[in-house]
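# Secondary and tertiary structure notes
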Amino acid sequence: MTTVRINASDAVSIETSALIIGVHTTPEGPRPAPGGEGLDQALDGRLAEILTTMGFTGKAQEIVKIPTFGALPAPVAVAVGLGDAPQDGPGDNYDLENLRRAAGAAVRSLAGTASATLALPARTAAEAEAVALGGLLGAYDFTRYRTGGDRRQPVGELTVLSGAAGAEEAVAHAATLADSVTLVRDLVNTPPSDLWPARFAEIAQETGLEAGLSVEVLDEVRLKEDGYGGIVGVGQGSVNPPRLVRVAYTHPEATRKVAFVGKGITFDSGGLSLKPSASMDWMKSDMGGAGAVFGALVAIARLGLRVNAVGYLCLAENMPSGSAQRPSDVLHTYSGKTVEVLDTDAEGRLVLIDGIARAAEDEPDVIIDVATLTGAQIVALGWRTAGVMANDDALREEIVRIAGEQGEGAWGMPLPAELRKGLDSAVADIANLQPERWGSMLAAGIFLREFVPAGVRWAHVDMAGPAFNKGEPHGYTPKGGTGALTRTLVAVAERYTGNGTSAQAV
Ligand code: BES
Ligand code: MN
Ligand code: ZN
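The model shown is predicted, which means the values in this text are computed figures rather than measured ones. (Residues numbered from 1 in each chain as written. Chains lettered and ligands numbered in written order. Predicted model: local features only at pLDDT ≥ 70, side-chain atom pairs only at ≥ 80, totals over all residues. Heavy atoms only, no water.)

Quick look at the overall build of the protein chain now. Check the secondary structure of the protein chain and you find 14 helices and 20 strands. Computed over the C-alpha atoms, the radius of gyration of the protein chain is 24 Å, within 12% of the 23 Å expected from 2.2 N^0.38 for a compact globule of 506 residues. The proportion of buried residues among the 506 residues of the protein chain is 59%. The averaged location of the 61 negative side-chain charges in the protein chain is 2 Å from the averaged location of its 42 positive side-chain charges. (Helix = DSSP H or I, 4+ residues; strand = E, 2+ residues; numbered from the N terminus. Rg over C-alpha atoms; globule rule 2.2 N^0.38 Å. Buried < 20%, exposed > 50% of the residue type's maximum accessible area, 1.4 Å probe, protein only. Lys, Arg positive; Asp, Glu negative; His and termini not counted. Charge placed at Lys NZ, Arg CZ, Asp CG, Glu CD.)

This part is about the coordination of the zinc ion (ligand 3). In the first shell of the zinc ion (ligand 3), the protein supplies Lys263 (NZ), Asp268 (OD), Asp286 (OD) and Glu347 (OE), at 2.0 to 2.4 Å from the metal. Taken together, the six donor atoms coordinating the zinc ion (ligand 3) and their angles of 79 to 172° define a geometry best described as octahedral. Counting residues between consecutive donors of the zinc ion (ligand 3) along the chain gives the motif K-x4-D-x17-D-x60-E. If you look at the zinc ion (ligand 3) and the manganese ion (ligand 2), they sit 3.1 Å from each other and are both ligated by Asp268. Highlighted residues: Asp268 in strand β10 (residues 257-268) and Asp286 in the loop between β10 and α9 (288-303), separated in sequence by 18 residues. Of the two residues, Asp268 and Asp286, both sit in the buried class. (Donors = N, O, S within 2.8 Å, 3.2 Å for Na, K, Ca; no water. Tetrahedral: all angles 85-135°; square planar, octahedral: opposite > 155°, others 65-115°.)

Surrounding ligand 1, one finds 17 residues, the nearest of these being Asp268, Lys275, Asp345, Glu347 and Gly375. One nitrogen or oxygen atom from the side chain of Lys263 is found 3.1 Å from an oxygen atom belonging to ligand 1. Between ligand 1 and Lys275 there is a distance of 2.8 Å, counted from an oxygen atom to a side-chain nitrogen or oxygen. Within the complex, 84% of the 510 Å² of free accessible area of ligand 1 lies under protein. Elements with a minimum of two residues in the shell around ligand 1: β10 and α11 (375-381). Taken together, the residues of the shell around ligand 1 sort by class into six nonpolar, three polar and eight charged. (Near = heavy atom within 4 Å. Polar contact = N/O pair within 3.5 Å; in protein donor to acceptor, adjacent residues only side chain to side chain. Areas by Shrake-Rupley, 256 points an atom, 1.4 Å probe, with all protein chains shown as cover. Nonpolar A, V, L, I, M, F, W, Y, C, P; charged D, E, K, R; others polar.)

Before going further, it helps to examine the nonpolar core. Core analysis: the biggest nonpolar cluster contains 101 residues, and Ile20, Leu118, Leu213, Phe260, Phe294, Leu313 and Ile368 have the highest contact counts within it. Each of domain 1 (3-178) and domain 2 (196-495) accounts for three or more of the residues forming this core. Not counting chain neighbours up to four residues away, the residues in contact with Phe294 comprise Leu183, Leu187, Ile203, Ala204, Thr207, Gly208, Leu213, Val247 and Leu313. Judged by nonpolar contacts, the second largest core, of 46 residues, contains Ala371, Met441, Phe447 and Phe451. (Core = buried A, V, L, I, M, F, W, Y, C linked by side-chain atoms within 4.5 Å. Domains from an automatic or database assignment. Contact = heavy atoms within 4.5 Å.)

Another aspect to go through is the pairing of strand β15 (residues 385-390). Along any regular strand, the residues point their side chains to alternate faces of the sheet. Where burial is concerned, most of β15 is hidden: five out of the six residues are buried. The pairing of β15 with strand β16 (residues 409-412) spans four bridges and is classified as parallel. Looking across to β16, one finds that Gly387 is bridged to Trp411. With respect to chirality, the unit in which β15 leads through helix α12 (residues 393-405) into the neighbouring parallel β16 is right-handed. Two strands pair when backbone bridges link them, and β15 and strand β18 (residues 458-462) are joined in this way by four bridges, in the antiparallel orientation. (Pairing = 2+ DSSP bridges. Right-handed = clockwise from strand over helix to strand, strands pointing away.)

When the UniProt feature table is mapped onto this chain numbering, "binding site: Mn(2+) 2" (unreviewed entry) sits at Lys263, Asp268, Asp286 and Glu347. In three dimensions, the annotated residues from a span of 85 residues occupy one location, with a maximal C-alpha spread of 11.1 Å. Inspection of the secondary structure assignment puts Lys263 in strand β10. Only 3.0 Å separates the side chain of Lys263 from the side chain of Glu347, close enough to count as a polar contact. (UniProt positions renumbered as here; feature names shortened; annotations may be inferred.)

With that settled, the discussion passes to unusual backbone geometry. The phi torsion at Gln61 lies on the positive side, around 70°, for a residue other than glycine. One can find Gln61 in the loop between α2 (47-53) and β4 (63-67). For Gln61, a relative accessible area of 27% corresponds to the partly exposed category. Despite not being glycine, Glu363 has its phi angle at roughly 50°, a positive value. On the basis of relative accessibility, which here comes to 67%, the residue Glu363 falls in the exposed class.

As structure tokens, this is what we get:
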């Protein structure tokens, strides 16, 4: 695991394997950003000339490596593009996501290097945190299943150069967040043969206890006894039975409680409504919601936030077999309502409604569920933007704003009343599928809303696209599991800490 520390010394004297600086685009050519001046001096003021010779312009996340030939202790300098300089002159703050991505791209380009020093703009604690976080997240690689040592290891040690007040705490905060995102990425990337519901529950128990969470696991016997018909129905086709994990963190001075519910399908074959092969190979990522919820709870506990937080991991493996649920089966769910299963591939909503109904018993101020719920989310919003739906407009907009601040794409989506009719069932209280595919991200949200008790503020985040990067790495985002929404959930919890910001929390 990559470590990070802070150092206030100057960029050119520090012993490091690589020095990372930022560069802006200007009409006159590339110009070093704050933090890069020392390198320019060490190169006799010829940095801009070198960059121009290399064809480097400074556009966001562009990378070039420059040998330093003894001009400073670091044998190589890495210039990373930051795009245009902030408009209002030297005192102006940087866009934090721009810094995170630049740091991530630069550190990612240095795989195989022992250490790197980030001399990016970090004149405020927030900037230092962004640089540290981007660097740590960019250093990620999932190597557990690779034999042979030919793969270049991620950078082991990062140093962030900053003399800003509070930078030390900010960088520690970044490290805690990065540890949780790393944990979630590892869970998502782990093949389903090594991550079935009971195994996920075990990991939650081990890691959760270490972090200071209380962890309760309901096995398939308890789930049946207690009436969790949704989770039981989805899980019954697999030889790996389902689990519901409750992770809780309490702070003695907390005044508010948040509840998070995560979809945790460790593999989604579709069940008897089998998926085509092409949409199945990445369905190990269908537990990304439960991963984000768990990762967020771990971070909340490690940060010691003054808030009560509870997370539900709705874990099941959706498989076809002789014991699998059938299209037209009716489930008796934890809420007391019955659901006709018209399509066993619309399983996420079935496990979530049991988690939501259970979470409501904790009487939280808000319930947020996070799920890789529909392909329609990807159709509507693409790979990087999650859809946010809620029974409360202010809550929905608050989540979109908080996600935006973390650089996690999210956009508000409606729950149009006319879509409810499509979920009418001929035999049960509701069906799990509407007959037409149009608007199915929204129909899924409408389905979930039916299971939220009156008076409970609830939001639903569909992150089918953002949870898993099928394409090439970019910024601080690797291929595969991304850990999406983990940081947003932590930031939501921070809004409920009651240390002066609670008045603003919706
Ligand atoms: N896990 C899938 C959704 C998904 C699709 C996640 C692509 C990530 C990438 C979910 O369980 C599912 O199968 N949804 C169906 C619902 C449909 C049957 C109403 C879908 O979106 O096709
Ligand atoms: Mn499915
Ligand atoms: Zn699914």
